[in-house]
Amino acid sequence: MMLLQPPTIASAQEKGMILDVAALGRHDPLGADIPYVRATDGWMFELPEELREWARFVIGGNPHNPQPGYPSEFPCRIEFGVRDGRMYAEML
């Protein structure tokens, strides 16, 4: 698994790294509970520290077994980037 390294962009008009994401999950090596994304092409990326809280929020609100009546948000496209010194992830 590789560490996701989003590009730095200069403005909101530019696009960051866009991935077709099949799943968002947690890898638990020795209790570390590290969030990751699995792309639809099979690549897996560990999320950087700055995006881990976002991932935990999304995972908590959309587990792999969604509640009845609520469809899963995955697969979906997610844009990752760094703008104004802050890392972001945005579901498209």
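Residues numbered from 1 in each chain as written. Predicted model: local features only at pLDDT ≥ 70, side-chain atom pairs only at ≥ 80, totals over all residues. Heavy atoms only, no water.

Peer 1: Would you mind showing me how to read the overall build of the protein here?
Peer 2: Scanning the protein for helices and strands turns up one helix and six strands. Starting at the N terminus, the α and β elements of the protein follow one another as β-β-β-β-α-β-β. Residues counted as buried form 35% of the 92 residues belonging to the protein. Taking as baseline every contact in the protein between residues at least 6 positions apart, the subset at least 24 positions apart corresponds to 51%. A total of about 5,900 Å² of accessible surface is found on the protein, and carbon and sulfur atoms cover 52% of it. (Helix = DSSP H or I, 4+ residues; strand = E, 2+ residues; numbered from the N terminus. Buried < 20%, exposed > 50% of the residue type's maximum accessible area, 1.4 Å probe, protein only. Contact = heavy atoms within 4.5 Å. Areas by Shrake-Rupley, 256 points an atom, 1.4 Å probe, with all protein chains shown as cover.)

Peer 1: Looking at this structure, how should I read the pairing of strand β2 (residues 17-27)?
Peer 2: Consecutive residues of a regular strand have side chains that alternate between opposite faces of the sheet. Examined bridge by bridge, β2 and strand β5 (residues 76-83) share five bridges and lie antiparallel to one another. Paired with Met-17 across the bridge in β5 is Phe-80. With six bridges connecting them, β2 and strand β3 (residues 34-39) associate as antiparallel partners. Bridge pairing in β3 places Leu-24 opposite Val-37. (Pairing = 2+ DSSP bridges.)

Peer 1: What is the right way to read the confidence of the model for the protein from this model?
Peer 2: Residues shown with low pLDDT carry predicted positions that ought not to be read at fine detail. The predicted model of the protein averages 86 in pLDDT, with 85% of residues at 70 or higher. Summarising per-element confidence for the protein, the mean pLDDT is lowest in helix α1 (residues 49-61) (87) and highest in β5 (96). (pLDDT = per-residue confidence, 0-100.)

Peer 1: Just to check I follow, could you spell out the sheet that holds β3 for this structure?
Peer 2: In a beta sheet, neighbouring strands pair by backbone hydrogen bonds and run either parallel or antiparallel. In space, the six strands of this open sheet follow the order β1-β4-β3-β2-β5-β6, with mixed pairing throughout. Across the chains shown, the open sheet's two edge strands, defined by having one partner strand only, are β1 (2-3) and β6 (86-91). In terms of strand pairing, β3 meets strand β4 (residues 44-46) through three bridges, oriented antiparallel. Residue Tyr-36 lies in a different strand from β4, and its bridge partner there is Glu-46.

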